[in-house]
Amino acid sequence: MKTALTIAGSDCSGGAGIQADLKTFSANGVFGMSVIVSVVAENTSRVISVEDISPEMIKNQIDAVFEDIEVDAVKVGMLSSEICMKAVAEKLRQYKPKYTVIDPVMVAKGALMKPEALEALQTEVIPLAYVLTPNIPEAETITEMSIESQEDVQEAAKKIYSLGAKNVLIKGGHLSGDAIDLLYDGKSFYTFTTERINTKNTHGTGCTFSSAIAANLANGLTLNKAVEKAKAYITTAIEHSLQIGKGHGPTNHFYELYMKGLQL
């Protein structure tokens, strides 16, 4: 079985972060492992507080995994501070995983990344991405430009690519109309389109989508196929999302398994 490692924050409500990543890895057929960089007290309605793990412990967790287990893909999620970013970047440079999917989690019902950490994200983290997966607000923050059209999305993708990411996937969920995600590999643009689903239960969608891409890459798919399959997976998970909690409920990570059972 292929493996994938998530390096991210913990969501105690189970819909996003490390918890969503591990569920997604399992649902997409890879063995999941985790390095916790922050403990987040959050639920479907709000982020209450964030407490970062020490840089030494972050690095020790990464060492523990890589010294013992072959890692086929890495997903990086929430990195709240410059010191966390530098600790993770140091170890990614040391171990050089083949595929690193970086989801630059910045905001989720409250700030998850300190504003002063933006420069470290741009210089330390983004250059390590095999594919970077920002949503529209995150892409706007990284590029310091307003994104209101597909032409703007293309321009933002080019700017982020220039920061060193090998591929850039800007998620279009915050624009109007169909949900159009745009992938840029430095030469060509590719779009992945699905009909927008009318639901407020979207907690953890970015975490889930990026983790599905990482799982698909671990399983040997090309990037375009990995994104295409992940897009189908997250669309199903959103379509059958769960009304859990009083706010924005989580997606349904195991819908296919619940409906069809294990395929032996």
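The notes below deal with the structure included here. (Residues numbered from 1 in each chain as written. Predicted model: local features only at pLDDT ≥ 70, side-chain atom pairs only at ≥ 80, totals over all residues. Heavy atoms only, no water.)

Notes on the overall build of the protein chain
Here is step 1: Summing up its helical and strand segments, the protein chain has nine helices and nine strands in all.
Here is step 2: Relative to a compact globule of 264 residues, whose C-alpha radius of gyration would be 18 Å, the protein chain shows 17 Å and is just as compact.
Here is step 3: Over its C-alpha atoms, taken along the principal directions, the protein chain stretches across nearly 45 × 40 × 40 Å.
Here is step 4: The buried share of the protein chain, reckoned over its 264 residues, is 52%.
Here is step 5: With an accessible surface of roughly 12,000 Å², the protein chain has 52% of that area assigned to carbon and sulfur atoms.
Here is step 6: Between the centroid of the 24 positive side chains of the protein chain and the centroid of its 31 negative side chains there is a distance of 3 Å. (Helix = DSSP H or I, 4+ residues; strand = E, 2+ residues; numbered from the N terminus. Rg over C-alpha atoms; globule rule 2.2 N^0.38 Å. Buried < 20%, exposed > 50% of the residue type's maximum accessible area, 1.4 Å probe, protein only. Areas by Shrake-Rupley, 256 points an atom, 1.4 Å probe, with all protein chains shown as cover. Lys, Arg positive; Asp, Glu negative; His and termini not counted. Charge placed at Lys NZ, Arg CZ, Asp CG, Glu CD.)

Comments concerning the packing of aromatic side chains
Here is step 1: One pass over the structure, following the stated rule, counts four aromatic pairs.
Here is step 2: With a centroid separation of 5.4 Å and an interplanar angle of 70°, the aromatic rings of Y161 and Y184 are classed as edge-to-face. Of this pair, Y161 sits in helix 6 (residues 150–161) while Y184 sits in strand 8 (residues 179–184), and the two are 23 residues apart along the sequence.
Here is step 3: Consider the rings of Y184 and F189, whose centres lie 4.5 Å apart with planes at 25°: the pair is stacked.
Here is step 4: Of the residues examined, Y184 reaches a relative accessible area of 9% and is grouped as buried. (Phe/Tyr/Trp six-rings, centres within 6.5 Å; stacked < 30°, edge-to-face > 60°.)

Brief notes about empty space enclosed by the protein
Here is step 1: Overall, the coordinates contain one cavity of 30 Å³ or more when judged by the stated rule.
Here is step 2: Every residue along the wall of the largest cavity is listed here: V76, G77, L79, M85, I102, D103, P104, V105, M113, L121 and V125.
Here is step 3: Its residues assigned to classes, the lining of the largest cavity comprises nine nonpolar, one polar and one charged. (1 Å grid on protein atoms, 1.4 Å probe; cavity = no way out; pocket = protein on both sides within 12 Å on 5 of 7 lines; lining within 4 Å. Points joined across faces, edges and corners; volume = space filled by probe spheres on them. Nonpolar A, V, L, I, M, F, W, Y, C, P; charged D, E, K, R; others polar.)

A closer look at the pattern of salt bridges
Here is step 1: For the structure shown, the criterion picks out eight salt bridges.
Here is step 2: For K91, the salt bridge identified is with D63, shortest N-O distance 3.0 Å. Here the residue K91 occupies a position in helix 3 (residues 82–95), and D63 occupies one in helix 2 (residues 55–66), the gap between them amounting to 28 residues.
Here is step 3: Residue classification places D63 among the buried positions, given a relative accessible area of 18%.
Here is step 4: Of the charged contacts, one joins K86 and E82 as a salt bridge, the two residues approaching to 3.0 Å between their closest N and O atoms. Of this pair, K86 and E82 both sit in helix 3, four residues apart, which is roughly one turn of the helix.
Here is step 5: The exposure class of K86 is partly exposed, given its relative accessible area of 38%. (Salt bridge = Lys/Arg side-chain N within 4 Å of Asp/Glu carboxyl O.)

Side note on the nonpolar core
Here is step 1: Ranked by internal contacts, the top residues of the largest apolar core, which has 43 residues, are L5, I7, L121 and I170.
Here is step 2: Considering each element in turn, this core owes the most residues, five residues, to helix 3.
Here is step 3: When near neighbours in sequence (up to four residues on either side) are disregarded, L5 contacts F25, M33, S34, V35, V65, F66, V71, A73, V74 and K75.
Here is step 4: Listed in part, the 25 residues of the second largest apolar core include A218, L223, A226 and A230. (Core = buried A, V, L, I, M, F, W, Y, C linked by side-chain atoms within 4.5 Å. Contact = heavy atoms within 4.5 Å.)

Remember that the coordinates give geometry; whether it matters functionally is a separate question.
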